[in-house]
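Remarks on the overall topology
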Amino acid sequence: MDKIKVIISNNQKEVKIPTGLRMLVRRCCNAVLRLEEFKGPAEISVTFVDNKQIHELNHLHRGIDAPTDVLSFPMGEDGVYDINPENGAQILGDVVISMAKAAEQAQRYGHTLQREVGYLTAHSVLHLLGYDHEKNGLERVRMREKEELVMTQLGLPSTSSYVMSEDEE
């Protein structure tokens, strides 16, 4: 597989970033791109933020006045991406993860922060590749299957259900 550059920034102080989490995020990005048989070098930016920051981004970009767990900002359309002139990599886009929300959800679902951040990363990279679970139920099922396959490949299988009530979605 071609080189994948994952740029990770921590712009929050609320949740301590566990040892190995950055490596896990890189492994998740690589696993999704391998699963999707992505061709060529790629670049992905992942930023850890707090609830206030993600709330502002969610309101600005989606018109939703509330914090969320993760946001994806794809840089491509229909499989065509901008190219980084320095290294020739396709710039897939930005992933923004609320570490406070990730910690809260890990506790709610009864698994580790690592698993939750890994899941959110896989979910977001699929969005960067054009998947959209909000379009229809079939796309949502496809995404969930791919997310769980990546988590299992990385040794982080689901230990609980992600079934949510309508008001949690």
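An account of the accompanying structure is given in this report.

Reading guide: rules and limits
- Residues numbered from 1 in each chain as written.
- Predicted model: local features only at pLDDT ≥ 70, side-chain atom pairs only at ≥ 80, totals over all residues.
- Heavy atoms only, no water.
- Helix = DSSP H or I, 4+ residues; strand = E, 2+ residues; numbered from the N terminus.
- Rg over C-alpha atoms; globule rule 2.2 N^0.38 Å.
- Buried < 20%, exposed > 50% of the residue type's maximum accessible area, 1.4 Å probe, protein only.
- Contact = heavy atoms within 4.5 Å.
- Areas by Shrake-Rupley, 256 points an atom, 1.4 Å probe, with all protein chains shown as cover.
- Lys, Arg positive; Asp, Glu negative; His and termini not counted.
- Charge placed at Lys NZ, Arg CZ, Asp CG, Glu CD.
- Salt bridge = Lys/Arg side-chain N within 4 Å of Asp/Glu carboxyl O.
- Axes fitted to C-alpha atoms, helices over the stretch in contact; angles between N-to-C directions.
- Parallel < 35°, antiparallel > 145°, perpendicular 65-115°, else oblique.
- Left-handed = near helix turned anticlockwise from the far one by under 90°.
- Expected span 1.5 Å × (residues − 1).
- Arc of directions from axis to C-beta.
- Phe/Tyr/Trp six-rings, centres within 6.5 Å; stacked < 30°, edge-to-face > 60°.
- Lys NZ or Arg CZ within 6 Å of the ring centre and 35° of its normal.

The next thing to look at is the overall build of the chain. Across its full length, the chain holds five helices and six strands. Sequence-ordered secondary structure for the chain, helices as α and strands as β, is β-α-β-α-β-β-β-β-α-α-α. In terms of C-alpha radius of gyration, the chain reaches 15 Å, essentially the compact-globule figure of 15 Å for 169 residues. Dimensions of the chain along its principal axes, counting C-alpha atoms only, are 40 × 35 × 30 Å. The burial tally for the chain puts 44% of its 169 residues in the buried class. In the chain, the proportion of contacts linking residues at least 24 apart, taken out of those at least 6 apart, comes to 68%. A total accessible area of about 9,100 Å² is found for the chain, and carbon and sulfur atoms account for 50% of it. For the chain, the distance from the average site of its 19 positive side-chain charges to the average site of its 26 negative ones is 7 Å.

Positive phi outside glycine occurs at Glu37, with the angle close to 55°. With respect to the helices and strands, Glu37 occurs in the loop between helix H1 (21-35) and strand E2 (42-49). Classification of Glu37 as exposed rests on a relative accessible area of 58%. In this structure, Asp78 is a non-glycine residue whose phi angle is positive, near 55°. If you trace the backbone, Asp78 turns up in the loop between strand E4 (76-77) and strand E5 (80-83).

Here the structure, examined in full by the defined rule, presents seven salt bridges. Two residues, Glu36 and Lys146, come together in a salt bridge whose shortest N-O distance is 2.8 Å. Note that Glu36 is positioned in the loop between H1 and E2 and Lys146 in helix H5 (residues 137-153), a separation of 110 residues in sequence. Since its relative accessible area comes to 21%, Lys146 is described here as partly exposed. What you see here is one network of salt bridges that share partners, running through Lys101, Glu104 and Arg108.

Between helix H4 (residues 113-128) and H5, whose axes approach to 9 Å, the crossing angle comes to 130°. It follows from the interaxial angle that H4 and H5 lie oblique. For H4 against H5, the interelement crossing comes out right-handed. Where H4 approaches H5, its residues Arg115, Gly118, Tyr119, Ala122, His123, Leu126 and His127 are matched on the opposing element by Met143, Arg144, Lys146, Glu147, Glu148, Val150 and Met151.

Turning our attention to H5. With 17 residues, H5 should cover 24 Å at 1.5 Å per step; its first-to-last C-alpha distance of 24 Å lies within 8% of that length. Considered for burial, the residues of H5 that qualify are Glu139, Met143, Glu147, Glu148, Val150 and Met151. In a view along the axis of H5, the buried residues occupy a sector of 165°, so they form one face of it. Turned more than 90 degrees from where H5 packs its buried face, Leu138 and Glu145 sit exposed. Count one or two residues on from H5 and you reach Gly155, which has phi positive near 80°.

The tally for this structure, following the rule as stated, stands at one aromatic pair. An angle of 65° between the planes, with centres 6.0 Å apart, marks the rings of Phe38 and Tyr81 as edge-to-face. With Phe38 in the loop between H1 and E2 and Tyr81 in strand E5, the pair connects residues that are 43 residues apart, well separated along the chain. For the pair Phe38 and Tyr81, a shared accessibility class is recorded, and that class is buried. Above the plane of the ring of Tyr109 lies Arg108, whose end atom (NZ or CZ) is 5.6 Å from the centre.

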